[in-house]
Amino acid sequence: MLRNACERLRPGGFFFGTTPDAYELVKRLEQSDSNSFGNEVYRVTFQKKGDYPLFGCQYDFNLEGVVDVPEFLVYFPLFVEMAKKYNMRLVYKKTFHQFFEEKIKDERNKTLMQRMQALEPIIDQEADFFFHPFRARVTSAVT
């Protein structure tokens, strides 16, 4: 995926992404009494507790009536190191809550969110851990 993205970006171009916080997922799993956690809206289920390889650690994510897919933990420090191989460097990383609070201050963003009807109250504040927006910049052509 990294090579594919980087080969299609010009030097100076940006790659934007989001990834769940692997540390938070594992923390919540370890605090649960089973191999899953969540509530009436979402559920995260691992095959087993205690074994979290750097690559290929699969879990299932279910968002009621919308999403039911397998996902994989991303150990972000390793992702950053792997991106360097393709001349990318991390320039921005925030939690979703930090990202939202920063961006909603801009009146244009607030207006867009209102037009999209995306400013309804959030019932489940614990879902903030799911996504960490990030941006990486290609520093030179991929070779």
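Each remark here, short or long, concerns the structure printed above.
Overview of the structure. Because the structure is predicted, anything quoted here is derived from the model rather than measured. (Residues numbered from 1 in each chain as written. Predicted model: local features only at pLDDT ≥ 70, side-chain atom pairs only at ≥ 80, totals over all residues. Heavy atoms only, no water.)

**Describing the packing of aromatic side chains**
All told, the structure shown has 7 aromatic pairs when counted by the stated rule. Ring geometry for Phe46 and Tyr52: centres 6.2 Å apart, planes at 85°, overall edge-to-face. For Phe46, a relative accessible area of 3% corresponds to the buried category. Taken together through their ring pairs, the aromatic side chains of Phe46, Tyr52 and Tyr59 make up a single cluster. Above the plane of the ring of Phe76 lies Lys93, whose end atom (NZ or CZ) is 4.9 Å from the centre. (Phe/Tyr/Trp six-rings, centres within 6.5 Å; stacked < 30°, edge-to-face > 60°. Buried < 20%, exposed > 50% of the residue type's maximum accessible area, 1.4 Å probe, protein only. Lys NZ or Arg CZ within 6 Å of the ring centre and 35° of its normal.)

**Some details on the side chain of Ser32**
Position of Ser32 among the secondary structure elements: in the loop between α2 (22–31) and β2 (36–38). Of the residues examined, Ser32 reaches a relative accessible area of 15% and is grouped as buried. From its side chain, Ser32 meets the backbone oxygen of Ser34 in a polar contact 2.7 Å long. The residues touching Ser32, leaving out its near neighbours within four places in the chain, are Phe37 and Lys49. (Helix = DSSP H or I, 4+ residues; strand = E, 2+ residues; numbered from the N terminus. Polar contact = N/O pair within 3.5 Å; in protein donor to acceptor, adjacent residues only side chain to side chain. Contact = heavy atoms within 4.5 Å.)

**As for the nonpolar core**
Buried together is how nonpolar side chains tend to be arranged in soluble globular proteins. Counting 12 residues, the largest nonpolar core is built from Ala22, Leu25, Val26, Leu29, Phe37, Tyr42, Val44, Phe46, Cys57, Tyr59, Phe61 and Leu73. No other element matches α2, which puts 4 residues into this core. In contact with Cys57, not counting residues within four places along its chain, are Phe46, Asp51, Tyr52, Glu71, Phe72 and Leu73. Counting 9 residues, the second-largest nonpolar core is a separate cluster that includes Ala5, Cys6, Phe79 and Tyr86. (Core = buried A, V, L, I, M, F, W, Y, C linked by side-chain atoms within 4.5 Å.)

**Describing the pairing of strand β4 (residues 58–63)**
Pairing between strand β3 (residues 42–46) and β4: 5 bridges, direction antiparallel. Within the sheet, the bridge partner assigned to Phe46 lies in β4 and is Tyr59. Bridging between β4 and strand β5 (residues 67–72) involves 6 bridges; their strand directions are antiparallel. Bridge pairing links Gln58 to Phe72 in β5. Where β4 folds back onto β5 in an antiparallel hairpin, the turn is made up of 3 residues, including Gly65, whose phi is positive at roughly 70°. (Pairing = 2+ DSSP bridges.)

**A short note on α2**
Residues of α2 that are buried include every one of Ala22, Glu24, Leu25, Val26, Arg28 and Leu29, and no others. Of the surrounding elements, those touching the buried residues of α2 are β2, β3 and β4. Between the side-chain oxygen at the start of α2 and the backbone nitrogen of Tyr23 there is a gap of 3.0 Å, and the oxygen is on Asp21.

None of the figures reported here should be taken as evidence of function without further support.
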